[in-house]
Amino acid sequence: MIVVGVDEAGRGPLIGSVVAAAVILDPDKPIVGLMDSKKLTEKKREALFTEITDKAQAYAIAECSATEIDQYNILQASLLAMHRAVAKLDIIFDKVLVDGNRLPLWDFESEAIIKGDSKVQEISAASILAKVYRDRQMIELGHQYPEYQFARHKGYPTKLHLELLQKYGVLAQYRKSFAPVEDVLKRNVILTSTHDA
């Protein structure tokens, strides 16, 4: 039976896409150390990302942009990103296992598994791919806008990030429907032309 594991990363951050991954592991190429990506160090996640992409029978990564998150809401955008990831797989499979308690609207045989990223290897692998891919996007954004220190907080609403958001204002990549961003916009923090580029 060919099983797809699906998970997403980036529901909580104030900026950037929500990213989903779908993974079909190869039973002949076991991967040691798969677990919930949040329980792994960044270094370990990076190493596993390489191993998963090398050894998996198939994998796909997809996303929903901040604009789509504002349009649909974060839950619907997360489900849409999952849908897109599974749709990109080029292998016929039997069942999709999704982390959490909600399933996207699709015709596949599927099951939502609470804490699936700790219980099912395919979901663990998907959680690692999604997390590393999204973290890399944040690090890249940090190179573009060093004053926001995205590599440190990865876009999550930490004390540091909220202070920097208030100080420097709202970039185009922010999720405008998220309360802390909305609050800054309401206070008429106008983007300088340097941040508009």
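A brief look at the structure comes next. (Residues numbered from 1 in each chain as written. Predicted model: local features only at pLDDT ≥ 70, side-chain atom pairs only at ≥ 80, totals over all residues. Heavy atoms only, no water.)

**Re the sheet that holds strand β2 (residues 18-24)**
No. 1: Ordered by their spatial adjacency, five strands build an open sheet running β3-β2-β1-β4-β5, and the pairing between neighbours is mixed. Edge positions in the sheet fall to β3 (58-64) and β5 (110-113), since each has one partner strand and no second. This sheet shows a mean twist of 20° between the axes of neighbouring strands, independent of strand direction.
No. 2: Here four bridges tie strand β1 (residues 3-9) to strand β4 (residues 95-99), and the two strands are oriented parallel to one another. Residue pairing for β4: Gly-5 is matched across the bridge by Leu-97.
No. 3: Of the strands in this sheet, β1, β2, β3, β4 and β5 touch helix α5 (residues 121-144), which is tilted by about 35° from β1. (Pairing = 2+ DSSP bridges. Helix = DSSP H or I, 4+ residues; strand = E, 2+ residues; numbered from the N terminus. Axes fitted to C-alpha atoms, helices over the stretch in contact; angles between N-to-C directions. Contact = heavy atoms within 4.5 Å.)

**A word on the environment of Gly-5**
No. 1: Checked against the element boundaries, Gly-5 lands in strand β1.
No. 2: Using a relative accessible area of 0% as the deciding quantity, one classes Gly-5 as buried.
No. 3: Placed 136 residues apart in sequence, Gly-5 and Leu-141 show a C-alpha to C-alpha distance of 28 Å.
No. 4: Each residue touching Gly-5, except ones within four places of it in the same chain, is listed here: Ala-21, Ala-22, Val-23, Leu-97, Glu-122, Ile-123 and Ala-126. (Buried < 20%, exposed > 50% of the residue type's maximum accessible area, 1.4 Å probe, protein only.)

**Notes on the packing of aromatic side chains**
No. 1: Applying the stated criterion across every chain, the model contains seven aromatic pairs.
No. 2: With a centroid separation of 5.6 Å and 50° between ring planes, the pair formed by Tyr-148 and Tyr-168 is classed as tilted. Linking Tyr-148 in the loop between α5 and α6 (150-153) with Tyr-168 in helix α7 (residues 159-168), this pair joins segments that are 20 residues apart in sequence.
No. 3: Its relative accessible area of 0% is what places Tyr-148 among the buried residues.
No. 4: Three or more aromatic residues link up through ring pairs in this structure, and these residues are Tyr-145, Tyr-148, Phe-150, Tyr-168 and Tyr-174.
No. 5: The cationic tip of Arg-136 hangs over the ring face of Phe-49; the distance from NZ or CZ to the ring centre is 4.3 Å. (Phe/Tyr/Trp six-rings, centres within 6.5 Å; stacked < 30°, edge-to-face > 60°. Lys NZ or Arg CZ within 6 Å of the ring centre and 35° of its normal.)

**As for the packing of α7 against helix α8 (residues 179-186)**
No. 1: The N-to-C vectors of α7 and α8 enclose an angle of 25°; their axes lie 10 Å apart at closest approach. With respect to their mutual orientation, α7 and α8 come out roughly parallel. Here the hand of the crossing between α7 and α8 comes out right-handed. Contact with α7, carried on its side by Leu-162, Leu-165 and Gln-166, involves Pro-180, Val-181 and Val-184 of α8 and no other residues of that element. (Parallel < 35°, antiparallel > 145°, perpendicular 65-115°, else oblique. Left-handed = near helix turned anticlockwise from the far one by under 90°.)

**Considerations on the nonpolar core**
No. 1: Val-4, Val-6, Leu-89, Val-96, Phe-150 and Tyr-174 are the most contacted members of the largest nonpolar core, which totals 36 residues.
No. 2: When contributions to this core are tallied by element, the ones reaching two or more residues are β1, β2, β3, α3 (74-87), β4, α5 and α8.
No. 3: Here this core takes six residues from α3, the largest share from any one element.
No. 4: Excluding its chain neighbours within four sequence positions, the residues that come into contact with Val-4 are Ala-22, Val-23, Ile-24, Leu-89, Phe-93, Lys-95, Val-96, Leu-97 and Glu-122.
No. 5: Grouped together as the second largest cluster of nonpolar side chains are 19 residues, Val-23, Ile-31, Phe-49 and Val-132 included. (Core = buried A, V, L, I, M, F, W, Y, C linked by side-chain atoms within 4.5 Å.)

**Observations regarding the packing of helix α1 (residues 42-55) against α5**
No. 1: Where α1 contacts α5, the two axes come as close as 9 Å, and the packing angle between them is 115°. The element α1 and its partner α5 pack so that their crossing is left-handed. Seen from α1, the contacting residues are Glu-42, Arg-45, Glu-46, Leu-48, Phe-49, Ile-52 and Thr-53; seen from α5, they are Ala-125, Ile-128, Leu-129, Lys-131, Val-132, Tyr-133, Asp-135, Arg-136 and Ile-139.
No. 2: Of the residues in the contact of α1 with α5, the class split is nine nonpolar, one polar and six charged. (Nonpolar A, V, L, I, M, F, W, Y, C, P; charged D, E, K, R; others polar.)

Taken by themselves, the reported measurements are silent on function.
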